Amino acid sequence: MVSEMNILELIKESKKIKDLINYIKTTDKENIYIGNCAVNVSKMLAALTYIETNRFVVYTCTDTFDASKAFEVFVDLLGTDYVSFFPVEEFISTDLVASSSEFKLARMLTISNIIKNKPQVIVTNTDGLLKNVMSTEALKEAILSYKVNEIHEIDDIVEDLIIRGYKKVAITSELGTFSVRGSIIDIYPINEEEPIRLNFFDNEIETIKKINIETQISKESLKEIDIFPIYEIYYKKENITKIKEKIISKYPNSDKAKQIIENLDDYKNLEQLYIHLSEIDENYQNILSFIPNPICFYENFNELVDYETKRFNEISAYFLEIKYKMDNNFFKTLNEIKELASYNVFTSSFLSSLNGIYLNKLFDIKTSNVIEYNNNLKVMFDDIELNQDKTYLITHIDNAKLEYIEELLETRNIHYYIVEEINKIRKGKINVCISENAYGFVDYDEGFQVITPNEYAPSKIARNNKYQKYYKHTTKIYNKDELNPGDYIVHQDYGIGKYLGIKTIELRGFKKDYLSLQYANDSKIN
């Protein structure tokens, strides 16, 4: 039985990595640049920074697709308890179409961790980093908390749920709904796997229990319950008139504004209110202002800037269409937002310039990504045989799978060493080990290469249980006609990917249609 190796313990043994992390720990309010930084190494550096500083680390990718994949990597590196996800869809799409429930849940869980001052690695995308949220006081108020023996009026709870986006129904069976029957309130919070039941004696909460969604029978007892709002924005009924007046005054000739005003009383389409956050909460703030002392990592910052430029042009055109004036105080730039961070770390796969950014320190760590072998082990072993002067570390996730790699090496008469400890890795040799959290990279200074199943056998890694808390309430698809190209989907084995459409493939003379899905690094499955 081979013992498991932690990839973070391995990478931090490198002197250049030690020096880099120590620099971050011992300096303050700086902008540093890390060039020739493999994408996986960038994430490992962020994870090590979190471990060594015990501070909030915000890791920003270009879009939600890259952020979703980065989140999976960080969960592998650190575990689910130390990683939060703050995904925000493109502004125009959320203004026109409701945000996905799993993304809203992820954001509220992140906000909850920030309120509790529980340091995390927070993974987000460009839209997420640019997102404004309500004031800290309002965000704290947004999360409802109830305890057994507390005194509450049922009518007050009903109103609190409605203004947080919950819908009153006859029977509580869907996420984000609630029902009232006499002295009982059933609620299906977006942050719970099952509905909960508040049972009152007069105006006192007598019991809090979970409900079986099929039988509607109460079961496990709870002492307290937190209920997250459906969306990050909420407002009280007594403020509706004032909010309407502000919107009408600011946008008197817009049909869009009139439509939003009509929905205010019924708390409909709360996502569309983001554009009017300043009218709802004049003390709104950027998400970075809400996070205590954040250390911000930017993965390929120039790509983030390119995305931001495209985003700005699209929003400007959209505002002209709906007859809105674009508020530059509300839509701040990345260069403005980065000033809110306590520390900025720019990582890039190459050595490239950052226009308009003063850098205190530049590190060239001379690493790169590993070739994506995608189940072609023959090519991988051919490469290894051609470069036997290099130090290789080939990993797999358990003993049984590692034995398979050993058999293949032996078949080709390639000598290797099984290692269980970092200091036992032999230089200039082929080493194999077990590691559940390893991701590949090449270190040119050390002549060292880590190759993991993420590079040579991605289809063999089951990820069906690791990310359930963020997409447990997604909708199951029973017919391909329910999907549109560009939709984000969750595959039971491979996790979050993008649906590309139907692809016709010929196998053994027979043509058949397959669903084509895209994952990180442009890898696809059909």
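All values derive from a computational prediction rather than experimental measurement. (Residues numbered from 1 in each chain as written. Predicted model: local features only at pLDDT ≥ 70, side-chain atom pairs only at ≥ 80, totals over all residues. Heavy atoms only, no water.)

Enquirer: Mind laying out the sheet that holds strand 4 (residues 121–125), listing which residues take part and the relevant values?
Expert: In space, the seven strands of this open sheet follow the order 3-4-2-15-16-1-17, with parallel pairing throughout. Looking at strand neighbours, the two that pair on one side only are strand 3 (83–86) and strand 17 (361–364), the edges of this open sheet. Adjacent strand axes in the sheet meet at a mean angle of 20 degrees, parallel and antiparallel pairs treated alike. Sheet analysis places strand 3 next to strand 4, joined by four bridges and oriented parallel. In the sheet register, Ser84 faces strand 4, and the bridge partner there is Ile122. (Pairing = 2+ DSSP bridges. Helix = DSSP H or I, 4+ residues; strand = E, 2+ residues; numbered from the N terminus. Axes fitted to C-alpha atoms, helices over the stretch in contact; angles between N-to-C directions.)

Enquirer: Got a sec to walk through the pairing of strand 15 (residues 295–299)? Specific residues and values, please.
Expert: With five of its five residues buried, strand 15 lies for the most part within the structure. Residue alternation in strand 15 divides its side chains into two sets, Ile295, Phe297 and Glu299 and Cys296 and Tyr298, and both sets are buried. Of the strand pairs in this sheet, strand 15 and strand 16 (residues 343–347) are connected by five bridges, and their pairing is parallel. Bridge pairing links Ile295 to Tyr343 in strand 16. (Buried < 20%, exposed > 50% of the residue type's maximum accessible area, 1.4 Å probe, protein only.)

Enquirer: Before we move on, could you go through helix 4 (residues 64–78) and cite the residues and values that matter?
Expert: Between its first and last C-alpha atoms helix 4 spans 20 Å; for 15 residues at 1.5 Å apiece the expected length is 21 Å, and the two agree. The buried fraction of helix 4 is high, at 14 of 15 residues. Gly79 lies just past helix 4 and shows a positive phi near 100 degrees. (Expected span 1.5 Å × (residues − 1).)

Enquirer: Got a sec to walk through the nonpolar core? Specific residues and values, please.
Expert: Among soluble globular proteins, nonpolar side chains are generally buried collectively. Ranked by size, the top nonpolar core spans 81 residues in total, and within it Ile187, Leu198, Tyr235 and Phe319 carry the most contacts. When residues in this core are grouped by element, the largest group, six residues, is from helix 14 (residues 301–322). Among residues more than four places away in sequence, those in contact with Tyr235 are Ile163, Ile240, Ile243, Asn263, Leu264, Tyr267, Leu270, Leu273 and Ile280. (Core = buried A, V, L, I, M, F, W, Y, C linked by side-chain atoms within 4.5 Å. Contact = heavy atoms within 4.5 Å.)

Enquirer: Hey, could you go over the sheet that holds strand 23 (residues 448–451) for me, with residue numbers and the actual values?
Expert: Reading across from one edge, 18-22-23-19-21-20 is the order of the six strands in this open sheet, with mixed pairing throughout. In this open sheet, the two strands that pair with only one neighbour each are strand 18 (367–368) and strand 20 (417–418). Two strands pair when backbone bridges link them, and strand 19 (residues 391–396) and strand 21 (residues 430–434) are joined in this way by five bridges, in the parallel orientation. Note that in strand 21 the partner of Ile394 across the bridge is Val432. The strands that helix 17 (residues 399–411) touches are strand 19, strand 20 and strand 21; relative to strand 21, the one it contacts most, it runs at about 160 degrees.

Enquirer: I'd love a proper account of helix 6 (residues 101–115), names of residues and values included.
Expert: Taking 1.5 Å per residue as the helical rise, helix 6 with its 15 residues ought to reach 21 Å, and the 21 Å between its terminal C-alpha atoms agrees with that figure. Counted residue by residue, helix 6 has 12 buried out of 15 residues, so it is predominantly covered. Within helix 6, burial applies to Glu102, Phe103, Lys104, Leu105, Ala106, Arg107, Met108, Thr110, Ile111, Ser112, Asn113 and Ile114. Once helix 6 finishes, Asn117 follows within two positions and takes phi at roughly 55 degrees, a positive value.

Enquirer: Describe the packing of aromatic side chains, naming the residues involved and giving the relevant values.
Expert: The geometry of an aromatic ring pair is captured by the separation of the ring centres together with the interplanar angle, meaning the angle of the planes. In this structure the tally under the stated criterion is 21 aromatic pairs. What links up through ring pairs into an aromatic cluster is the set Phe91, Tyr251, Tyr274, Tyr284, Tyr318, Phe319, Tyr324, Phe330 and Phe331. Here Arg164 stacks its cationic end above the ring of Tyr234, 4.5 Å away from the centre of that ring. In this structure, Lys361 is placed above the aromatic ring of Phe363, and the distance from its NZ or CZ to the ring centre is 5.8 Å. (Phe/Tyr/Trp six-rings, centres within 6.5 Å; stacked < 30°, edge-to-face > 60°. Lys NZ or Arg CZ within 6 Å of the ring centre and 35° of its normal.)

Enquirer: Tell me what's going on with the pairing of strand 10 (residues 196–201), and back it up with residues and numbers.
Expert: The sheet contact formed by strand 9 (residues 184–187) and strand 10 spans four bridges and is antiparallel. The residue of strand 10 that forms the bridge with Asp186 is Arg197. Two elements, strand 10 and strand 11 (residues 204–211), share six bridges in a ladder whose sense is antiparallel. Looking at strand 11, one finds that Asn199 is bridged to Thr207. Where strand 10 hands over to strand 11, the hairpin turn is made up of two residues, of which Asp202 adopts a positive phi near 60 degrees.

Enquirer: Please provide a residue-by-residue account of the confidence of the model for the protein chain, values included.
Expert: Chain-level statistics for the protein chain give a pLDDT mean of 88 and a share of 87% at 70 or above. Overall, residues 464–468 carries pLDDT values under 50, and its contacts beyond four positions in sequence, including any with other chains, amount to seven contacts. Taken as a whole, residues 506–511 scores under 50 in pLDDT and shows five contacts with residues more than four places along the chain or in a different chain. (pLDDT = per-residue confidence, 0-100.)

Enquirer: Can you lay out the environment of Ser100 for me, pointing to particular residues and giving the numbers?
Expert: With respect to the element layout, Ser100 can be found in the loop between helix 5 (91–96) and helix 6. Each C-alpha atom of the pair Ser100 and Glu89 lies 8.7 Å from the other, and the pair is 11 residues apart in sequence.

Enquirer: Go over the environment of Glu303 with me, naming the residues and quoting the values.
Expert: As for its placement among the helices and strands, Glu303 is situated in helix 14. A relative accessible area of 44% places Glu303 in the partly exposed class.

Enquirer: Please provide a residue-by-residue account of the packing of helix 10 (residues 240–250) against helix 11 (residues 255–264), values included.
Expert: Contact geometry of helix 10 with helix 11 gives a least axis separation of 10 Å together with a crossing angle of 180 degrees. As summarised for this structure, helix 10 and helix 11 are arranged roughly antiparallel, according to the angle between their axes. Residues Ile240, Ile243, Lys244, Ile247 and Ile248 of helix 10 touch helix 11, and the partners they reach there are Ala257, Ile260, Ile261 and Leu264. A class-by-class count of the residues in the contact of helix 10 with helix 11 yields eight nonpolar, no polar and one charged. (Parallel < 35°, antiparallel > 145°, perpendicular 65-115°, else oblique. Nonpolar A, V, L, I, M, F, W, Y, C, P; charged D, E, K, R; others polar.)

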